[in-house]
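This is what each chain is made of:
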Amino acid sequence: MLLDNETAVVYGGGGTIGGAVARAFAREGARVCLAGRTRATLDKVAQEIRATGGEAETAQVDALDERSVDDHADALARRAGSIDVSFNAIGSGDIHGIPVLQMPFEDFVLPIDDAIRAQFLIARAASRHMVPKGSGVILAITATTARQSLPEIGGTGVKFDAIESLCRQLARELGPSGIRVMALRTTGIPEALHSPGPFPDYGTGSGGMTRAELIDWMQNKTMLKRLTSLSELANVVAFMASDQASAVTGSVVNVNCGAVWG
């Protein structure tokens with residue numbers, strides 16, 4: 001198994017993406033800690049992992065609170081002996097459908113502030129326990145909006161750009177200590193779109209889109225004419241966390257069916 005006997009913490013582990021990644025980590029032999037704000041959703045994923053023979057525990061952690069993140073990482077490292085993999089799937093309250101000229105600054109900057117604060121605190125807490133043992137992997141999720149020019153997406157594109165830039169800096173600083181850092185850039189994931197709509201038209205002039213119309217619009221922007229599935233993303237995250245990808249760091253891994261590249 002790719003992650004046999006490793007300890008992996010998934011922040012936002014009760015969500016759609018975090019839960020899928022946690023299941024993939026457990027399937028590959030990792031002991032998984034699901035961290036997040038809502039105990040009920042975390043426990044549900046943990047129960048599913050245990051039901052298939054995996055190891056999982058949960059912890060209520062506010063990823064925007066420095067003390068909460070640091071205390072949890074310290075306790076986990078003491079109990080498990082190490083933190084080998086850290087994955088951040090925390091949401092950040094993006095606001096779409098409003099032109100920049102009409103958007104309050106607070107609404108624009110909210111997802112940027114939240115995402116960078118969470119990513120920084122999570123990565124710093126994990127790396128403090130990875131550096132002494134000389135190994136570890138820190139992973140973040142981004143999206144094609146980091147490279148596409150789309151209207152009415154508020155601070156989303158800037159947020160993902162910032163996460164990718166932070167991952168490059170962390171990779172450079174932590175690389176000499178044997179720690180790898182990278183971001184995985186995906187498309188919209190159909191399984192994570194729970195609302196039927198309406199969604200903004202994102203400059204198409206349609207006046208708004210249903211869930212089906214949004215999916216069709218997004219997949220037509222990809223080379224493969226489809227979107228990344230939840231299982232595809234989770235499988236790539238597990239692979240990148242493993243020693244099979246031991247030469248990869250400071251990179252953005254495109255898992256977006258060719259929507260963007262480079």
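Here goes a summary of the coordinates provided.

**Considering the overall build of the protein chain**
- Each helix and strand counted, the protein chain has seven helices and seven strands in total.
- Along the protein chain, from the amino end to the carboxyl end, the secondary structure elements read β-α-β-α-β-α-β-α-β-α-β-α-α-β.
- Taken over the C-alpha trace, the protein chain has a radius of gyration of 18 Å; the compact-globule value for 262 residues is 18 Å, and the two agree within 12%.
- Its C-alpha atoms give the protein chain principal-axis dimensions of roughly 55 × 35 × 35 Å.
- Long-range contacts, defined here as pairs at least 24 residues apart, represent 70% of the contacts in the protein chain between residues at least 6 apart.
- Here the protein chain displays about 11800 Å² of accessible surface, and carbon together with sulfur accounts for 53% of that area.
- Placing the 24 positive and 29 negative side-chain charges of the protein chain at their respective mean positions leaves the two points 4 Å apart.

**Looking at the packing of aromatic side chains**
- All told, the structure shown has one aromatic pair when counted by the stated rule.
- Ring geometry for Tyr202 versus Trp217: centroids 5.6 Å apart, planes at 10°, classification stacked. Within this pair, whereas Tyr202 is found in the loop between β6 (179-186) and α6 (211-219), its partner Trp217 is found in helix α6, the two being separated by 15 residues in sequence. The residues Tyr202 and Trp217 share a single accessibility class, namely buried.

**Here's the deal with helix α3 (residues 66-80)**
- Over its 15 residues, α3 runs 21 Å from end to end, which matches the ideal 21 Å to within 8%, given 1.5 Å per residue.
- Within the sequence span of α3, burial applies to Val69, Asp70, His72, Ala73, Leu76 and Ala77. Take α3 and look down its axis: the buried residues cluster within an arc of 165°, on one side only. Away from its buried face by more than 90 degrees, α3 exposes Arg67, Arg78 and Arg79.
- Where α3 begins, the side chain of Asp65 points an oxygen toward the backbone nitrogen of Arg67, at a separation of 3.3 Å.
- The first or second residue beyond α3 is Gly81, which carries a positive phi of 95°.

**Topic: a nonpolar patch on the surface**
- The grouping of Met223, Leu224 and Trp261 at the surface amounts to a nonpolar patch, some 410 Å² of accessible area in total.
- Checked against the element boundaries, Met223 lands in the loop between α6 and α7 (230-241).

**Brief notes about the sheet that holds strand β1 (residues 7-11)**
- The strand order across the open sheet built from seven strands is β3-β2-β1-β4-β5-β6-β7, with neighbouring strands paired in parallel fashion. Two strands close off the open sheet at either side, each with one partner strand: β3 (55-60) and β7 (252-255). When strand polarity is set aside, the average angle formed by the axes of neighbouring strands in this sheet is 20°.
- Together, β2 (31-36) and β3 form the strand contacts of helix α2 (residues 39-51), whose direction differs from that of β3 by roughly 175°.

**Looking at the pairing of β2**
- Counting buried residues along β2, five of its six residues qualify, which places the element largely inside the surrounding structure.
- Pairing of β1 with β2 involves five bridges; the strand directions are parallel. Across the sheet, Thr7 pairs through a bridge with Arg31, a residue of β2.
- Across six bridges, the pairing between β2 and β3 is parallel.

**So, the environment of Val236**
- Topologically, Val236 is positioned in helix α7.
- You can call Val236 partly exposed: its relative accessible area is 24%.
- Each C-alpha atom of the pair Val236 and Ala24 lies 9.4 Å from the other, and the pair is 212 residues apart in sequence.
- With sequence-adjacent residues up to four places away left out, Val236 is seen in contact with Leu184, Val253 and Val255.

**Quick notes on unusual backbone geometry**
- Residue Pro198 follows Gly197 across a cis peptide bond; omega there is 0°.
- Positionally, Pro198 belongs in the loop between β6 and α6.
- With phi around 55°, Cys257 is a residue other than glycine that occupies positive phi space.
- With respect to the helices and strands, Cys257 occurs in the segment after β7.
- Take Cys257: its relative accessible area is 13%, and that puts it in the buried class.

**A few points about the packing of helix α1 (residues 16-27) against α7**
- Between α1 and α7, the least distance of the axes is 8 Å, while the angle of their chain directions is 50°. Taken together, the axes of α1 and α7 are oblique relative to one another. In the crossing of α1 with α7, the sense of the turn from one axis to the other is right-handed. Here α1 contributes Thr16, Ile17, Ala20, Val21, Ala24, Phe25 and Arg27 to the contact with α7, which in turn contributes Leu230, Leu233, Ala234, Asn235, Val237, Ala238 and Ala241.

Each value, and the rule that gives it
- Residues numbered from 1 in each chain as written.
- Predicted model: local features only at pLDDT ≥ 70, side-chain atom pairs only at ≥ 80, totals over all residues.
- Heavy atoms only, no water.
- Helix = DSSP H or I, 4+ residues; strand = E, 2+ residues; numbered from the N terminus.
- Rg over C-alpha atoms; globule rule 2.2 N^0.38 Å.
- Contact = heavy atoms within 4.5 Å.
- Areas by Shrake-Rupley, 256 points an atom, 1.4 Å probe, with all protein chains shown as cover.
- Lys, Arg positive; Asp, Glu negative; His and termini not counted.
- Charge placed at Lys NZ, Arg CZ, Asp CG, Glu CD.
- Phe/Tyr/Trp six-rings, centres within 6.5 Å; stacked < 30°, edge-to-face > 60°.
- Buried < 20%, exposed > 50% of the residue type's maximum accessible area, 1.4 Å probe, protein only.
- Expected span 1.5 Å × (residues − 1).
- Arc of directions from axis to C-beta.
- Polar contact = N/O pair within 3.5 Å; in protein donor to acceptor, adjacent residues only side chain to side chain.
- Patch = residues over 30% accessible without salt bridge, like charges linked within 9 Å, V, L, I, M, F, W, Y side chains within 5 Å.
- Salt bridge = Lys/Arg side-chain N within 4 Å of Asp/Glu carboxyl O.
- Pairing = 2+ DSSP bridges.
- Axes fitted to C-alpha atoms, helices over the stretch in contact; angles between N-to-C directions.
- Parallel < 35°, antiparallel > 145°, perpendicular 65-115°, else oblique.
- Left-handed = near helix turned anticlockwise from the far one by under 90°.

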